[in-house]
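Spelled out from the first residue to the last, the chains are:
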Amino acid sequence: MLDQGSWTKFIYYLFFISLLFLMLGGSLIVLKGGMFNGIIYSFTIFYRKISKVEEYVSQQTGNLKGPPVKKTSHFSITYSLLISGGIMFLFTLIASI
């Protein structure tokens, strides 16, 4: 049988593993949404507007084009990480009570 100390350690470790799964799944959702591509795009446009050389080039050519926006990635493991992390989190929450 499990004594009280080993059961508590098991719950603690399972809780931290579930948080790791939830953070990894959330990070993959953020990468899938293309948030970082939008940030890089906006900083590039901002730099081109404040740069003297880019301003001169845009005056001569008449346009100020930004970098092409990359397509977002699709990860097949995202939802399985979120679901398994959520189930483990709920189990540890209920078991700790």
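Remember, it's a predicted structure, so these values are computed and weren't measured experimentally.

Visitor: Tell me what's going on with the packing of aromatic side chains, and back it up with residues and numbers.
Guide: Inspection of the entire model under this criterion finds three aromatic pairs. Seen from their ring centres, Phe-15 and Phe-16 are 5.7 Å apart, and the 65° between their planes marks the pair as edge-to-face. Assessed through its relative accessible area of 53%, Phe-16 is described here as exposed. Both rings, one in Phe-15 and one in Phe-89, keep their centres 5.7 Å apart while their planes meet at 35°; by these two values the pair is tilted. A residue pair is termed long-range when its members are at least 10 positions apart, and Phe-15 in helix α1 (residues 4–33) and Phe-89 in helix α4 (residues 78–96) qualify at 74 residues. When its relative accessible area of 28% is taken as the criterion, Phe-89 is described as partly exposed. Among the aromatic residues, those joined into a ring-pair cluster are Phe-15, Phe-16 and Phe-89.

Visitor: Provide a residue-level description of the confidence of the model for the protein chain, including the pertinent values.
Guide: Per-residue pLDDT for the protein chain averages 82, and the proportion of residues at 70 or more is 84%. Within the protein chain, α4 carries the highest mean pLDDT (94), whereas helix α3 (residues 52–61) carries the lowest (71).

Cut-off values and rules
Residues numbered from 1 in each chain as written. Predicted model: local features only at pLDDT ≥ 70, side-chain atom pairs only at ≥ 80, totals over all residues. Heavy atoms only, no water. Phe/Tyr/Trp six-rings, centres within 6.5 Å; stacked < 30°, edge-to-face > 60°. Buried < 20%, exposed > 50% of the residue type's maximum accessible area, 1.4 Å probe, protein only. Helix = DSSP H or I, 4+ residues; strand = E, 2+ residues; numbered from the N terminus. pLDDT = per-residue confidence, 0-100.

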